[in-house]
Amino acid sequence: MKVKLMQGNEAVAWGALAAGCRFFAGYPITPSTEIAEILSRELPKLGGKFIQMEDEIASLAACIGASVGGLKSMTATSGPGFSLMQEHIGYAAMTEIPCVLVNVQRLGPSTGQPTSVSQGDVMQARWGTHGDHPIIALSPISVRQSFDLTVTAFNFSELYRTPVILLMDEVIGHMREKVELPEAADVLRVERNGTSVPPEWYKPYGDTGSDVPPLANFGTGYRYHVTGLFHDQMGYPTQRLDEIDPWIERVHRKIDRNIHDITLFEEDGTQFAKTVVVSYGATARSARHAVKLARRRRSKVGLATLFTIWPFAEELVSRIADTASHIIVPEMNRGQLALEVERIAGRRKVTRVNQANGEMITPQMILNAIEAN
């Protein structure tokens, strides 16, 4: 283990390298720029490629192209750039091309305040693109977890042939903590599932038992059609419903059938608690302290911390709603993930603790909501 003092953004960069990332294309934007700066220095040392693109649209396009060529690829941005990337997120989902996008959220809308924290992109991460497709979005609460979830993002991306979003926030990206990072050899890395069939037999979008077709890299003798249009198993555009419907079902099924492996969370005392705080990202740190203070005052309160934002942990929240009478959702927006909690909790009381002005939600604000029950 290497003991270091580092930022969350720095941990993301090192996590990407440990996961096998060998291509980064991006455009500088606060508060994610440190990721690009570090990878611009470190990637060439490992034979990787770093490209500063002319904008965020081109950045994700370059990542998609590099991924088809066989390189684990990543880009990093913040709110305005993330908005520009939405079309290509949908393209990567349609073409089932692995890539990782880091969004270090800042206050918005528009330019907002580049150095202020926010969690305002939660719904955009799920519903920002048009059409129906699943998405995986992860959210770390610490510097070390920024490293770990970056590795997980790459593993999920390769395992399920899908774009994965690392939905951070400015506080996690810029705060410094002492961390112990594993040696690269000790990091669990999922490699791309290639094909062993000859090129003339290869079906890039064939229906397999795992619902995830093997992905042959361009430049290895395999040539196939890649299009954002609905396509058949060979990748060619189609309007046949007997080809479109199976594709839609498969890309959702490959996530749904693995939901328990993808939805990552942590529970603390939720089983018998009458009040449970559901939190994520930097706000989870305030929630953890608020719960500790409440317990000192004899309150029976539990804490559920979400590390996977999408797909949403419906089973967890449903189980909490079965026993708890009060659920508190603190988040640095006007209430986004709270909508999902309210949808699942039904008639249970759900209290929102919101702040969307660029300032952190304090433990006292959450404690007040706990004690007001």
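All values derive from a computational prediction rather than experimental measurement.

### A short note on the domain arrangement of the protein
1) Next: Domain parsing of the protein yields domain 1 (3–186) and domain 2 (265–371).
2) Next: Of note, the centres of domain 1 and domain 2, computed from C-alpha atoms alone, are 26 Å apart.
3) Next: Each side of the interface is counted separately: domain 1 has 26 residues, and domain 2 has 26 residues.
4) Next: Regarding the contact of domain 1 and domain 2, the summed buried area is about 2,000 Å², with carbon and sulfur atoms giving 60% of it.

### A closer look at the pairing of strand 3 (residues 49–52)
1) Next: Relative to strand 3, strand 2 (residues 21–26) runs parallel, the two being bridged by four bridges. Of the residues in strand 3, the one forming a bridge with phenylalanine 24 is phenylalanine 50.
2) Next: Following the chain from strand 2 across helix 2 (residues 33–42) to the adjacent parallel strand 3, one finds a crossover that is right-handed.

### Some remarks on the sheet that holds strand 15 (residues 349–354)
1) Next: The strand order across the open sheet formed by five strands is 10-12-11-14-15, and the pairing between neighbours is mixed. Either end of the sheet is taken by a strand with one partner, and the two such strands are strand 10 (265–268) and strand 15. Ignoring strand direction, the axes of neighbouring strands in this sheet form an average angle of 20°.
2) Next: Across the face of the sheet, helix 12 (residues 314–323) comes into contact with strand 10, strand 11 (275–280), strand 12 (301–306) and strand 14 (326–331) while running at roughly 15° to strand 10.

### Quick word on the packing of helix 11 (residues 283–296) against helix 14 (residues 363–371)
Helix packing geometry: the angle between the two helix axes and the distance between the axes.
1) Next: Running from N to C, helix 11 and helix 14 cross one another at 50°; their axes reach a closest spacing of 8 Å. Classed by the angle they form, the pair helix 11 and helix 14 counts as oblique. For the element pair helix 11 and helix 14, the recorded crossing hand is right-handed. Contacts from Thr283, Ser286, Ala287, His289, Ala290, Leu293 and Ala294 in helix 11 reach Pro363, Ile366, Leu367 and Ile370 in helix 14.
2) Next: Looking at the contact of helix 11 with helix 14, its residues break down into eight nonpolar, three polar and no charged.

### A short note on the environment of leucine 39
1) Next: Locating leucine 39 in the fold gives a position in helix 2.
2) Next: For leucine 39 and methionine 234, which are 195 residues apart along the polypeptide, the C-alpha to C-alpha distance reads 35 Å.

Conventions we followed
Residues numbered from 1 in each chain as written. Predicted model: local features only at pLDDT ≥ 70, side-chain atom pairs only at ≥ 80, totals over all residues. Heavy atoms only, no water. Domains from an automatic or database assignment. Contact = heavy atoms within 4.5 Å. Buried area = accessible area lost by both parts, 1.4 Å probe. Pairing = 2+ DSSP bridges. Helix = DSSP H or I, 4+ residues; strand = E, 2+ residues; numbered from the N terminus. Right-handed = clockwise from strand over helix to strand, strands pointing away. Axes fitted to C-alpha atoms, helices over the stretch in contact; angles between N-to-C directions. Parallel < 35°, antiparallel > 145°, perpendicular 65-115°, else oblique. Left-handed = near helix turned anticlockwise from the far one by under 90°. Nonpolar A, V, L, I, M, F, W, Y, C, P; charged D, E, K, R; others polar.

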